[in-house]
Amino acid sequence: MSALLIRDLRLALRAGGGFGLGLAFFLILAVLVPLGVGPEPDTLSRIAPGILWVGALLACLLSLDRIFALDFEDGSLDLLATAPLPLEAVVSIKALAHWITTGLPLVLLSPVLGLLLFLPAEAYLWLILSLMLGTPALSVIGAFGAALTVGLKRGGLLLSLLVLPLYIPTLIFGAEVVSRGAQGLSVATPLALLAGITAGAVALLPFASALVLRINLR
Amino acid sequence: MMLRIHDLSCARGGLPVLEGVSFTLEPGMAMILRGPNGCGKTTLLRTIAGLQPARAGVIEAPADSIAYSAHADGIKATLSVTENLAFWAAVHGQTGTGDAVAQMNLASLASRQAQNLSAGQKRRLGLARLLVTGRPIWVLDEPTVSLDTDSVVLFAQLVTLHLERGGMALIATHIDLGLPEAQVFDLRPHKARLPEPGAGGFDEAFL
Amino acid sequence: MASFWEYANPLKFMRTTDWLLPVVAMAALVVTAIGLIWGFFLTPDDFRQGATVKIVFLHVPAAMMAINAWAMMLVASLFWLIRRHHVSALAAKAAAPVGLVMTLIGLITGAVWGQPMWGTWWAWDPRLTSFLILFLFYLGYIALWAAIEDPDTGADLTAVLCLVGTVFAVLSRYAALFWNQGLHQGASLSVAPGTRMDWAYKAPLYVSMTGFGLIFVALVLAGTRTEIRARRMKALVARERMA
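Just so you know, these numbers come straight off a predicted model, no measurement behind them.

1. Section: the overall build of chain B
Working step 1: Secondary structure summary: chain B contains five helices and eight strands in total.
Working step 2: Within the span of chain B, comprising 207 residues, buried residues form 56% of the whole.
Working step 3: Of the contacts formed within chain B by residues at least 6 apart in sequence, a portion of 70% connects residues at least 24 apart.
Working step 4: Total accessible area on chain B is roughly 8500 Å²; 51% of this is exposed by carbon and sulfur atoms.
Working step 5: Distance between charge centroids for chain B: 5 Å, based on 17 positive and 19 negative side chains.

The following block contains the structure:
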């Protein structure tokens, strides 16, 4: 199983693997928003939690179709499906690789972008914590969407249409943690709900994704 | 250790294509599937490999004994020959790729990225992948596509060696592989007959 | 009595709906007409909301059917995944556009009603937000059906999407509640004591709701018949190609 994780990480990091694209997108978004809404620190600091969460979500979306599409095209997916690894494990590991190459760097970059958007000092801890808890769910849900659309010629747009509504609960609770943190309110409830969604998605969705992959390989 | 197919029927896109396919492969045996394009060779091989469900019939083979290889080899362009093979070996719980590299004449290319290989060299890498799986039953779909004559001979030697070691091979191909010991299985008589329109089957409207 | 599953046979389904569809369609027309005419012209104006309140006879039935259509798709998807009856998969496919339109009617009539009442066409109220999200789920489901060529693969994938989507739609509903407590009044028909609605309104509303339910059934039956025929045609073309 670690072989698959190492291979996916290696592929993502080598030339043409697309590592960093999501990060660059996240950065550009954080630059464009102030250009669009104006430089007033008050406005920006009020909308910063939402912008950072929406940005992370869209940056995550950008690389989703690579989770399975490349392996589908070159036949690796057929071979993985006939290998001794259960397909559920394959799905989970690929989602993990996606998180390590997309979600984790976003978490690490987010405080810098928080600076650009005048995120209140009290909120930084909650920003990092909420993204840390929430981005794994984004990768796992995204892997489900990628598995649904893997056989389709131009699945990219459809993938966004299918996955974004599924991201809504994660987005609401994640952004709520940060904005409550910024106002100095208690974040316990949204944080617990966010963790619950992530735990549920990580535990259950790989079964649906593997089922859907098997259907697409028929 | 053997592969027994009994009265197998398989479908493509919801429509039956083959029915009543029965044969048995024993250690050291090779079977070549023949039939015109679109007769269901690929469908049959994918069904036997477990990638799609059979409509009816029995496929008996020990668990995790089938190595499948098709038109696409699962070769990653940005990984080197050794990295590609080492990955597939690890996924199948095997170690050591040296044997496979040597047998497919890939030693001089071992550290080269797969994107810098010629089509034939890539194909050889794909076949080397079969060796590192360590599985006895090879199910091969057009394995000689884009191989030159020398490589076809090399491939035939590889299959012969595999058979001598007690392996089995089921191969769909159009060309003569130079495997005199292989049996030939003609799929044409097994073309599925569709039920007559208007017959009373349950889902008849969809067949 | 014959087993319920017999109607999952496409031929039997077609034969039954040959006579059933016109009956349901007529009933839908009559009942909806009675409900709406009664509601619009034969009820008194509300002392606070005036005549605006009468949009409730469109708004509430449409909103109800928007949710019920999804529930029906969920049940049909389960039937397909468990029993592999093609008719249920095709019925789910046929229900989606109807549900989508019901959601849209709910949203539009809501906006028209909300404007004079709250002074705004749109508010990010949890109930409104939930309906907008439901709308997005319908769009995704329909788009997935449209994108897949092989009908059985399409049925399988959309069925799984429907199951997973249901879980996330319910989560979104609660997330939206948590996110913003809104302007919207509670459910218009509640059995709790202190019910606000008078029987003068309730009776035509119930008739309207029955009418919308019948419209939904009629449209889904008609849609399913179309899908069965389309599927049959595809199969015949494929046969022709094989022969």
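Text resumes after the structure shown.
2. Brief notes about the interface of chain B and chain A
Working step 1: On the chain A side, the residues contacting the 24 residues of chain B number 22 residues.
Working step 2: When the two sides are added together, the surface that chain B and chain A hide from each other amounts to roughly 2000 Å², 63% of it contributed by carbon and sulfur.
Working step 3: Interface area lost by chain B to chain A is led by Leu51(B), Lys76(B) and Phe87(B), which between them contribute 28%.
Working step 4: Linking chain B with chain A are five salt bridges.
Working step 5: One salt bridge connects Arg46(B) with Asp78(A), and the closest N-O pair in it is separated by 3.0 Å.
Working step 6: Between the two partners, chain B and chain A, sit eight residue pairs in polar contact (both at pLDDT 80 or more).
Working step 7: Sort the elements by how many residues they give to the side of chain B that touches chain A and helix H2 (residues 81–91) of chain B lands first, with five residues.
Working step 8: Classifying every residue of the side of chain B that touches chain A by side-chain character gives eleven nonpolar, six polar and seven charged.

3. Remarks on the pattern of salt bridges
Side-chain pairing between opposite charges can occur once the charged atoms of the two side chains come close.
Residues and elements named next belong to chain A.
Working step 1: Tallied over the full model, the rule gives 19 salt bridges over all chains.
Working step 2: The shortest N-O distance in the salt bridge between Lys94 and Asp71 comes to 2.5 Å. Of this pair, Lys94 sits in helix H6 (residues 87–116) while Asp71 is found in helix H4 (residues 69–73), placing the two residues 23 residues apart along the sequence. Taken as a pair, Lys94 and Asp71 share a single burial class, namely buried.
Working step 3: In this structure, Glu88 and Arg214 form a salt bridge, with 3.5 Å as the shortest nitrogen-oxygen distance. With Glu88 in helix H6 and Arg214 in helix H9 (residues 188–217), this residue pair connects regions lying 126 residues apart in the sequence.

4. Some words on helix H7 (residues 123–148) of chain A
Residues and elements named next belong to chain A.
Working step 1: In a regular helix each residue adds 1.5 Å, so 26 residues correspond to 38 Å; H7 covers 36 Å between its end C-alpha atoms and thus fits that length.
Working step 2: If you look at H7, its biggest bend is around 30°, right at Gly134, and the proline Pro136 turns up within four residues after that.
Working step 3: Counting buried residues along H7, 20 of its 26 residues qualify, which places the element largely inside the surrounding structure.

5. Considerations on the pairing of strand E2 (residues 15–25) of chain B
Working step 1: By the bridge criterion, seven bridges tie strand E1 (residues 3–12) of chain B to E2(B) in an arrangement that is antiparallel. Residue pairing across strands places Leu3(B) opposite Leu25(B), the latter belonging to E2(B).

6. Things to note about the packing of aromatic side chains
Residue and element names in this part refer to chain C.
Working step 1: Summed over the entire model, instances satisfying the criterion amount to ten aromatic pairs over all chains.
Working step 2: Here Phe40 and Phe41 contribute two aromatic rings whose centre-to-centre distance is 6.4 Å and whose plane-to-plane angle is 80°, an arrangement assigned as edge-to-face.
Working step 3: A residue is classified by how much of its surface remains accessible, and Phe40, at 27% relative accessible area, is partly exposed.
Working step 4: For Phe41, a relative accessible area of 63% gives the class exposed.
Working step 5: Ring geometry for Trp70 and Phe137: centres 6.2 Å apart, planes at 75°, overall edge-to-face. Placement of Trp70 in helix H2 (residues 56–83) and of Phe137 in helix H4 (residues 126–147) is noted, with a sequence separation of 67 residues between them. Each of the two residues, Trp70 as well as Phe137, counts as buried.
Working step 6: Feature note: the residues Trp70, Phe137, Tyr138 and Tyr141 constitute an aromatic cluster, connected by ring pairs.
Working step 7: Directly above the aromatic system of Trp80 lies the positively charged group of Arg84, at a separation of 4.2 Å from the ring centroid.

Quick notes on the rules
- Residues numbered from 1 in each chain as written.
- Chains lettered and ligands numbered in written order.
- Predicted model: local features only at pLDDT ≥ 70, side-chain atom pairs only at ≥ 80, totals over all residues.
- Heavy atoms only, no water.
- Helix = DSSP H or I, 4+ residues; strand = E, 2+ residues; numbered from the N terminus.
- Buried < 20%, exposed > 50% of the residue type's maximum accessible area, 1.4 Å probe, protein only.
- Contact = heavy atoms within 4.5 Å.
- Areas by Shrake-Rupley, 256 points an atom, 1.4 Å probe, with all protein chains shown as cover.
- Lys, Arg positive; Asp, Glu negative; His and termini not counted.
- Charge placed at Lys NZ, Arg CZ, Asp CG, Glu CD.
- Buried area = accessible area lost by both parts, 1.4 Å probe.
- Salt bridge = Lys/Arg side-chain N within 4 Å of Asp/Glu carboxyl O.
- Polar contact = N/O pair within 3.5 Å; in protein donor to acceptor, adjacent residues only side chain to side chain.
- Nonpolar A, V, L, I, M, F, W, Y, C, P; charged D, E, K, R; others polar.
- Expected span 1.5 Å × (residues − 1).
- Bend = angle between axes of the 7 residues up to and from the residue.
- Pairing = 2+ DSSP bridges.
- Phe/Tyr/Trp six-rings, centres within 6.5 Å; stacked < 30°, edge-to-face > 60°.
- Lys NZ or Arg CZ within 6 Å of the ring centre and 35° of its normal.

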